[in-house]
Amino acid sequence: MTPVYVGIDLGGTNMSVGVTDARGKLLGQAKRKTKAQLGRDGVIARMVGGVQRACNDANVSIDDVAAIGVGAPGPIDVNAGVVIKSGNLGWEHVPLRDLLAAALNRPVALDNDVNVAAYGEATIGVARGREHLLAVWVGTGIGGALVMHRAIFHGSFFTAGELGYTIVIPEGGPGARTLEQHSSRTAMAAVIRQLLPSFPDSAFHGLLKERDSSGPADPVASSVIAEAYAARDELALRVVHHAADVLGLAIANWITVLSLDTVVLGGGVTEALGRPFLERVRHTFDRSVFPAQCRQCEICLSDLGDLAGVFGAAMLARGCVVPGSDGVNS
């Protein structure tokens, strides 16, 4: 049988597992709660179970799997295969690659979750065939990644691409200096809560009342922000435009320095707000980037969506058993 590959997108709340062929065609998948409270061994056991379920869905055996790729949150020592620190999982210095490889008796490749998602876009997604790209994932926080010469670029300290923690407003004061503190969903939600009493006619009053009564999840979800924004709610416009403008400025700085020709935007906020958000980011980018020819840089939306991490991890797995592969057969 033609070898297949498994990709695991490991999050603090959920994990998604997919089985693909060598060209990135999805053959089967499984989704599970991570249950980080079970600790390291409990989470790894759930990952093993997720792989088994995805293989069953694809009608393949674990013996047919050539390799497994994992995207995990937090800084990763990719050489040692270690999760250095993950607040989402409560882990420090966990040798996930070797532990999972021992549990499944298969080669495992491990990298940061946004790095893996970017690799998915670079190999089989919207940026397929591009030599270089910057990926920016806007969700609860903001993650970033760099693909250079069709490979994930890690830098000397395995932190390359972490633009969410860059300072964009030095005089913003505590909690208001970094890109993540201005443009993430968490940042937008905090401002909406703060300013809502000053906007008595805002659609958020009704939207948040509905969400507050429906369960424990954060009521200022990306979908709620997007609904108010689509309705041209004044508060939503103010908050989203500020977030997009700061993001556009930050991306312009990176493109000015690195002279890349492709930026991919993804993550829950980007997916929910869609093209209007992209266009606002683009507007500020064009006003801010230097020199003028850098405006030729393409800024595009992810087309793999919430499966970018799964596909990217599977293609990373393919590369670990086919050295030099860019994840796509010729």
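Before reading on, note that the structure itself is shown above.
Residues numbered from 1 in each chain as written. Predicted model: local features only at pLDDT ≥ 70, side-chain atom pairs only at ≥ 80, totals over all residues. Heavy atoms only, no water.

Draft legend 1. Region of the structure containing the overall build of the protein chain. On a plain count of helices and strands, the protein chain comes out with 10 helices and 13 strands. With the principal axes as the frame, the protein chain shows a C-alpha extent of 60 × 50 × 30 Å. Looking at the protein chain alone, contacts between residues at least 24 apart form 63% of all its contacts between residues at least 6 apart. Carbon and sulfur atoms make up 51% of the accessible area of the protein chain, which amounts to about 14500 Å² in all. When the 28 positive and 32 negative side-chain charges of the protein chain are each reduced to one mean point, those points stand 2 Å apart. (Helix = DSSP H or I, 4+ residues; strand = E, 2+ residues; numbered from the N terminus. Contact = heavy atoms within 4.5 Å. Areas by Shrake-Rupley, 256 points an atom, 1.4 Å probe, with all protein chains shown as cover. Lys, Arg positive; Asp, Glu negative; His and termini not counted. Charge placed at Lys NZ, Arg CZ, Asp CG, Glu CD.)

Draft legend 2. The arrangement of the sheet that holds strand β11 (residues 151–153) in detail. Reading across from one edge, β11-β10-β9-β12-β13 is the order of the five strands in this open sheet, with mixed pairing throughout. The two strands at the open ends of the sheet, each matched to only one other strand, are β11 and β13 (298–301). Averaged over all neighbouring strand pairs, the angle between strand axes comes to 30°, with direction disregarded. Sheet topology places strand β9 (residues 133–138) next to strand β12 (residues 262–266); four bridges connect them, and they run parallel. Residue pairing across strands places Trp-137 opposite Gly-266, the latter belonging to β12. Here helix α3 (residues 113–123) sits on the sheet in contact with β9, β10 (142–148), β11 and β12, set at roughly 50° to β10. Where helix α9 (residues 268–288) meets the sheet, it contacts β9, β12 and β13, and its direction lies at approximately 165° from that of β13. (Pairing = 2+ DSSP bridges. Axes fitted to C-alpha atoms, helices over the stretch in contact; angles between N-to-C directions.)

Draft legend 3. Quick look at the sheet that holds strand β1 (residues 4–10). In spatial order, the strands read β3-β2-β1-β4-β8; together these five strands make up an open sheet with mixed pairing. Edge positions in the open sheet fall to β3 (26–33) and β8 (108–112), since each of these has one partner strand only. Across the sheet, the mean angle from the axis of one strand to that of its neighbour is 15°, orientation sign disregarded. Judged from the six bridges that link them, β1 and strand β4 (residues 65–72) form a sheet pairing that is parallel.

Draft legend 4. Structural view of the pairing of β3. Pairing analysis gives seven bridges linking strand β2 (residues 14–20) to β3, with the strands arranged antiparallel. Counterpart to Val-17 in the pairing with β3 is Ala-30.

Draft legend 5. Molecular detail of the pattern of salt bridges. For the coordinates displayed, the defined rule picks out eight salt bridges. Between Arg-40 and Asp-41 there is a salt bridge; the shortest N-O distance is 3.0 Å. Judged by relative accessible area, Arg-40 falls into the partly exposed class, the value being 35%. Judged by relative accessible area, which is 52%, Asp-41 ranks as exposed. The salt bridge involving Asp-98 is made with Arg-97; its shortest N-O contact spans 3.2 Å. The exposure class of Asp-98 is partly exposed, given its relative accessible area of 45%. (Salt bridge = Lys/Arg side-chain N within 4 Å of Asp/Glu carboxyl O. Buried < 20%, exposed > 50% of the residue type's maximum accessible area, 1.4 Å probe, protein only.)

Draft legend 6. Structural context of the nonpolar core. Among the nonpolar cores identified, the biggest contains 52 residues, and Val-136, Phe-204, Ile-251, Ile-255, Val-263 and Leu-265 are the most heavily contacted of them. Beyond its immediate sequence surroundings of up to four residues, Val-136 is in contact with Ile-142, Gly-143, Leu-163, Leu-247, Ile-251, Val-263, Val-264, Leu-265 and Gly-266. If you look at the next biggest cluster of nonpolar residues, it comprises 33 residues, including Ile-68, Leu-89, Leu-100 and Leu-110. (Core = buried A, V, L, I, M, F, W, Y, C linked by side-chain atoms within 4.5 Å.)

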